[in-house]
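In case you want the letters, here they are:
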Amino acid sequence: VLFRSGNAAVVDPGDGAVVQAALQQRGLKLVAILVTHHHPDHVGGLPLLTRHWQGVPVLGPRAEAQKIPGLTRLLDDGERVQLPELDLDLEVLAVPGHTLGHIAYHEAKQGLLFCGDTLFAGGCGRLFEGTPQQMYGSLQRLAALDGGTRVYCAHEYTLSNLDFARAAEPGSATLRSEIERVQALRARGEPSVPSTMERERR
């Protein structure tokens, strides 16, 4: 949930009850729902939220519109999403691989990336629909963003991703240091997300 001045937007609401509770707890008005792809753990909360917040815009990939009921604005690569209530001007990036129509939302001014299941901290999403070449191209596109960009992926998979990376590069001091950093965060009950693009490039 992104919020500012009493207004909020949510990205990939897999569980509507959790989102609704967070909105109520903070006294926020939902002004937009952004969707990256069609998987149930990213859209499962749409029915509850759109019933409670009637008329709220639901934005998502045109290429997956048949698989995401309730989209009110269909997005293509290069389009912009402006949410003035949150001072956000997001660019839509097509990042196929995990699914064929997967998109990400990039806010250059504030250095934000909402990348769904394309890029994770320490890894990337599984190839359910796309090819390795598509995923590689998508990751290269994201890697070209400014190093300070904060990477908001959709799942807390960091430690398992880093464990796999260590198996691939057992002598990496960078990986060893990152695993220790994330283990300390998780031991304190803190999330490893967001990461940064600079960290992910390393």
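Heads up: these notes are all about the structure in this document.

Rules behind the numbers
- Residues numbered from 1 in each chain as written.
- Predicted model: local features only at pLDDT ≥ 70, side-chain atom pairs only at ≥ 80, totals over all residues.
- Heavy atoms only, no water.
- 1 Å grid on protein atoms, 1.4 Å probe; cavity = no way out; pocket = protein on both sides within 12 Å on 5 of 7 lines; lining within 4 Å.
- Points joined across faces, edges and corners; volume = space filled by probe spheres on them.
- Nonpolar A, V, L, I, M, F, W, Y, C, P; charged D, E, K, R; others polar.
- Helix = DSSP H or I, 4+ residues; strand = E, 2+ residues; numbered from the N terminus.
- Contact = heavy atoms within 4.5 Å.
- Pairing = 2+ DSSP bridges.
- Salt bridge = Lys/Arg side-chain N within 4 Å of Asp/Glu carboxyl O.
- Buried < 20%, exposed > 50% of the residue type's maximum accessible area, 1.4 Å probe, protein only.
- Phe/Tyr/Trp six-rings, centres within 6.5 Å; stacked < 30°, edge-to-face > 60°.

**Focus: the layout of surface pockets**
- Considering only enclosed or pocket space, the largest pocket measures out at about 840 Å³ in volume.
- Around the largest pocket, the lining is made up of 32 residues, and of these Gly122, Gly123, Ala165, Glu200 and Arg202 lie nearest the centre.
- Estimated volume of the second largest pocket: approximately 470 Å³.
- Around the second largest pocket, the lining comprises 19 residues; the ones closest to its centre are Val11, Tyr152, Cys153, Ala154 and Val193.
- Of the residues belonging to the lining of the second largest pocket, the class tally is 13 nonpolar, three polar and three charged.

**What about the environment of Val81?**
- Within the secondary structure, Val81 sits in strand S6 (residues 80-83).
- For the pair Val81 and Tyr105, spaced 24 residues apart in sequence, the C-alpha separation works out to 8.5 Å.
- If we skip the residues at most four places from it in the chain, Val81 touches Leu34, Leu59, Arg73, Leu75, Leu88, Asp89, Leu90, Val92 and Tyr105.

**A closer look at the pairing of strand S4 (residues 58-61)**
- With two bridges joining them, strand S3 (residues 29-34) and S4 adopt parallel strand pairing. From the neighbouring strand, Leu34 faces S4, where its bridge partner is Leu59.
- Bridge analysis of S4 against strand S5 (residues 73-75) gives three bridges, and the strand direction is parallel. In the sheet register, Pro61 faces S5, and the bridge partner there is Leu75.

**Let's talk about the sheet that holds strand S13 (residues 195-196)**
- The sheet built from six strands is open, its strands ordered S6-S7-S8-S9-S12-S13 with mixed pairing. Each end of this open sheet is capped by a strand with a single partner; those strands are S6 and S13.
- In terms of strand pairing, S6 meets strand S7 (residues 88-94) through four bridges, oriented antiparallel. Bridge pairing in S7 links Arg80 to Glu91.

**Points about the pattern of salt bridges**
- Across all of its chains, the model carries twelve salt bridges by this definition.
- Glu156 is the partner of Arg186 in a salt bridge, and the nearest nitrogen-oxygen pair spans 3.9 Å. With Arg186 in helix H6 (residues 173-187) and Glu156 in the loop between strand S12 (150-153) and helix H5 (158-168), this pair connects stretches of sequence that are 30 residues apart.
- By relative accessible area, Arg186 is classed as partly exposed at 37%.
- When its relative accessible area of 32% is taken as the criterion, Glu156 is described as partly exposed.
- Measuring nitrogen to oxygen at the nearest pair gives 2.8 Å for the salt bridge that ties Glu178 to Arg181. Of this pair, Glu178 and Arg181 both sit in helix H6, three residues apart, roughly one helical turn.
- For Arg181, a relative accessible area of 29% corresponds to the partly exposed category.
- Members of the salt-bridge network, linked through shared partners, are Glu178, Arg181 and Arg199.

**Concerning the side chain of His106**
- Relative to the helices and strands, His106 resides in strand S8 (residues 103-107).
- Once residues lying within four places of it in the same chain are set aside, the contact partners of His106 are Asp89, Leu90, Glu91, Leu93, Leu112, Leu113, Leu145 and Thr149.

**Some details on the packing of aromatic side chains**
- A complete count under the given rule lists two aromatic pairs for this structure.
- Between Phe114 and Tyr152, the aromatic rings sit 5.3 Å apart at their centres with planes inclined by 25°, giving stacked as the arrangement. Linking Phe114 in strand S9 (residues 112-116) with Tyr152 in strand S12, this pair joins segments that are 38 residues apart in sequence.
- The buried category is assigned to Phe114, whose relative accessible area is 5%.
- A relative accessible area of 27% places Tyr152 in the partly exposed class.
- Measuring from centroid to centroid gives 5.0 Å for Phe120 and Tyr157, while their planes differ by 65°, and the two rings are edge-to-face. Taken together, the residues span a long stretch of sequence, with Phe120 in strand S10 (residues 119-120) and Tyr157 in the loop between S12 and H5 at a distance of 37 residues.
- The class of Phe120 is buried, set by a relative accessible area of 4%.

Geometry only, nothing functional implied.
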